[in-house]
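Take a look at the letters that make up each chain.
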Amino acid sequence: IPGLENNNTDRIGIPPNNNTVSLVAGRVDELKFNITNTNNNPIIDAVVSLVSESSSIKILGDSKWNLNQIDPYTTQQFLTRVFASKSLINSPVSFKVSIQYINNNQAKSDSFNLGANVKGDITLNINDLAVNYIGGNPNLVGNILNKGNTLALFTTIEISSPSSSSSSLAEQSEVQVQ
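On a predicted model such as this, the values are computed, not experimentally measured, just so you know.

**A word on the overall build of the chain**
The secondary structure content of the chain amounts to 0 helices and 14 strands. Sorting the 178 residues of the chain into buried and exposed places 28% on the buried side. Of the roughly 11,200 Å² of accessible surface on the chain, a fraction of 45% belongs to carbon and sulfur atoms.

Shown next, in the form of structure tokens:
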């Protein structure tokens with residue numbers, strides 16, 4: 001993500017991050033972001049604020065930070081807690097990050113958008129699992145319950161023999177969960 005240009009000499013940047021920000025709907029998640037002073041001068045009296053662009057995302061932790069100084073070429077990490085509504089499952093969301101600061105005795109401000117993807121939760125609970133022999137063939141029977149908040153369509157069940165690793169027997173079955 002490129003830094004934000006103020007003019008040819010001032011620059012606030014976001015360090016490159018190859019990780020996609022993901023939030024899980026229906027639970028409180030941590031949201032982290034970084035701000036880097038890529039300028040030769042310190043930034044003083046900085047105020048960083050975070051605002052959700054969606055009314056279905058609530059910021060439960062800090063959303064405003066006051067910093068005395070960000071030294072040149074240093075990165076400051078910010079951490080907060082957010083809650084994404086289940087209605088946002090499989091949707092992108094964004095947050096606006098704003099910073100106001102003093103650089104070279106001049107008041108400055110910048111902002112950028114921080115994007116995230118909202119995922120659902122799939123939590124499988126397996127009950128009464130057994131192997132029944134029908135016509136001499138083993139059949140896996142039992143109940144699979146999705147306790148999560150989004151649809152789970154398919155899963156794979158693996159049955160491993162408790163014997164030694166050199167003679168391990170594994171069968172795989174695809175089970176449709178509805």
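**Notes on a nonpolar patch on the surface**
Together, I126, L129, V131, Y133 and L140 make up an exposed nonpolar region whose accessible area comes to about 470 Å². Along the chain, the position of V131 falls in strand β11 (residues 124-134). Since its relative accessible area comes to 40%, V131 is described here as partly exposed.

**Examining the environment of K119**
Mapping K119 onto the fold places it in strand β10 (residues 106-119). On the basis of relative accessible area, K119 is assigned to the partly exposed category, the value being 43%. Placed 33 residues apart in sequence, K119 and K86 show a C-alpha to C-alpha distance of 8.8 Å. Other than its neighbours up to four places away in sequence, K119 contacts S22, L23, V24, A25 and I89.

**Focus on the packing of aromatic side chains**
The way to describe two aromatic rings as a pair is by their centre distance and the angle between their planes. Throughout the structure, instances matching the rule amount to 3 aromatic pairs. Relative to F78, the ring of F33 lies with its centre 5.2 Å away and its plane at 20°, an arrangement referred to as stacked. Here F33, found in strand β4 (residues 28-37), pairs with F78, found in strand β8 (residues 75-84); they are 45 residues apart in sequence, far enough to count as distant. For the pair F33 and F78, one class covers both residues: buried.

**As for the sheet that holds β10**
Here 5 strands make up an open sheet; going across it, the order is β3-β10-β9-β5-β7 and the pairing mixed. Unpaired on one side and paired on the other, β3 (22-24) and β7 (64-70) mark the two borders of the sheet. Going across the sheet, the axis of each strand differs from the next one's by a mean of 30°, ignoring polarity. Strand direction decides the pairing type here: β3 and β10, joined by 3 bridges, are parallel. Within β10, the position partnered with L23 by the bridge is V118.

**So, the nonpolar core**
Core analysis: the biggest nonpolar cluster contains 28 residues, and F33, I35, V48, I57, V93, F95 and V97 have the highest contact counts within it. Contributions of two or more residues to this core are made by β4, β5 (43-52), β7, β8, β9 (91-103) and β10. Here this core gets 5 residues from one element, more than from any other, and that element is β9. Ignoring any residue separated from it by four or fewer positions in sequence, one finds V48 in contact with F33, I35, S63, K64, W65, L67, F78, V97, S98 and I99.

**Looking at the pattern of salt bridges**
The tally for this structure, following the rule as stated, stands at 1 salt bridge. The partner of R27 in a salt bridge is D29, and the shortest N-O contact between them spans 3.2 Å. Relative accessible area serves as the criterion here: at 42%, R27 is assigned to the partly exposed category. Exposure remark for D29: the relative accessible area of 11% places this residue in the buried category.

**Quick notes on the confidence of the model for the chain**
For any part of a model where pLDDT is low, the fine detail of the predicted coordinates should not be relied upon. Confidence in the prediction of the chain, expressed as mean pLDDT, is 81, and 79% of residues score 70 or more. In this model, residues 1-11 is a region of pLDDT below 50 whose contacts with residues beyond four sequence positions or in other chains number 30 contacts. Contacts for the low-pLDDT stretch residues 13-18, under 50 throughout, to residues beyond four places or in other chains number 14 contacts.

Thresholds, definitions, all that
- Residues numbered from 1 in each chain as written.
- Predicted model: local features only at pLDDT ≥ 70, side-chain atom pairs only at ≥ 80, totals over all residues.
- Heavy atoms only, no water.
- Helix = DSSP H or I, 4+ residues; strand = E, 2+ residues; numbered from the N terminus.
- Buried < 20%, exposed > 50% of the residue type's maximum accessible area, 1.4 Å probe, protein only.
- Areas by Shrake-Rupley, 256 points an atom, 1.4 Å probe, with all protein chains shown as cover.
- Patch = residues over 30% accessible without salt bridge, like charges linked within 9 Å, V, L, I, M, F, W, Y side chains within 5 Å.
- Salt bridge = Lys/Arg side-chain N within 4 Å of Asp/Glu carboxyl O.
- Contact = heavy atoms within 4.5 Å.
- Phe/Tyr/Trp six-rings, centres within 6.5 Å; stacked < 30°, edge-to-face > 60°.
- Pairing = 2+ DSSP bridges.
- Axes fitted to C-alpha atoms, helices over the stretch in contact; angles between N-to-C directions.
- Core = buried A, V, L, I, M, F, W, Y, C linked by side-chain atoms within 4.5 Å.
- pLDDT = per-residue confidence, 0-100.

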